[in-house]
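Each chain, written out:
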Amino acid sequence: MAEDVMRHFQEVLLQTDDLEWVEKSLAGLSHKMLWRDEETEASIALVKFEQGAGIPTAHQHASNQFMFCLSGKYRYIPTGTTLTKGSFYWNPKGSTHGPTVADETSILLEVYDGPHYPERPSFYDNDEDAR
């Protein structure tokens, strides 16, 4: 049985430098979507916050959020929690956090194990940006 499953498996390789940054409706935020499961809405993306940009309000996620900081300095204002190169951050489902600010242009690997938000937050002007 396992052999049958593996026979249909295909590897996927992305060169992230070849992907364009896609701007979101929140100023200073862009992403490169690496993978998304349309059924569960789980996803993996590179996100970039330009210096001075951030999430303007406290919010919650509908699933666990995991972030690994590849570069920059990204700060959660109320707690002072700051992601720098090599930092791993886990924000459990339903935990209120933010607002945030990028003290330096920051690139983060962001993983969700399900949908991003229970409903579209006010800082996005369309549903696609909240996915």
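Heads up: these notes are all about the structure in this document. All figures in this text were calculated on a predicted structure; none of them were measured in a lab.

What counts, and where the lines are drawn
Residues numbered from 1 in each chain as written. Predicted model: local features only at pLDDT ≥ 70, side-chain atom pairs only at ≥ 80, totals over all residues. Heavy atoms only, no water. Buried < 20%, exposed > 50% of the residue type's maximum accessible area, 1.4 Å probe, protein only. Helix = DSSP H or I, 4+ residues; strand = E, 2+ residues; numbered from the N terminus. Pairing = 2+ DSSP bridges. Phe/Tyr/Trp six-rings, centres within 6.5 Å; stacked < 30°, edge-to-face > 60°.

Considerations on the pairing of strand β3 (residues 43–49)
Sheet faces and side chains relate simply in a regular strand, where the side chains alternate between the two faces. With 6 of its 7 residues buried, β3 lies for the most part within the structure. In textbook terms, the turn of a hairpin is the stretch between consecutive antiparallel strands, and for strand β2 (residues 29–36) and β3 this stretch comprises 6 residues, one of which, E41, has a positive phi near 70 degrees. The pairing of β3 with strand β7 (residues 100–112) spans 7 bridges and is antiparallel. Counted as the bridge partner of K48 is I107 from β7.

Regarding the packing of aromatic side chains
Going through the model one piece at a time under the given rule, you end up with 8 aromatic pairs. Plain terms: the ring middles of Y74 and Y76 are 5.7 Å apart, the flat faces sit at 85 degrees to each other, and that makes the pair edge-to-face. When sorted by exposure, Y74 lands in the same class as Y76, which is buried. For the pair Y117 and F123, a centre-to-centre distance of 6.2 Å together with 75 degrees between the ring planes defines the contact as edge-to-face. The pair formed by Y117 and F123 is uniform in burial state, with each residue classed as buried.

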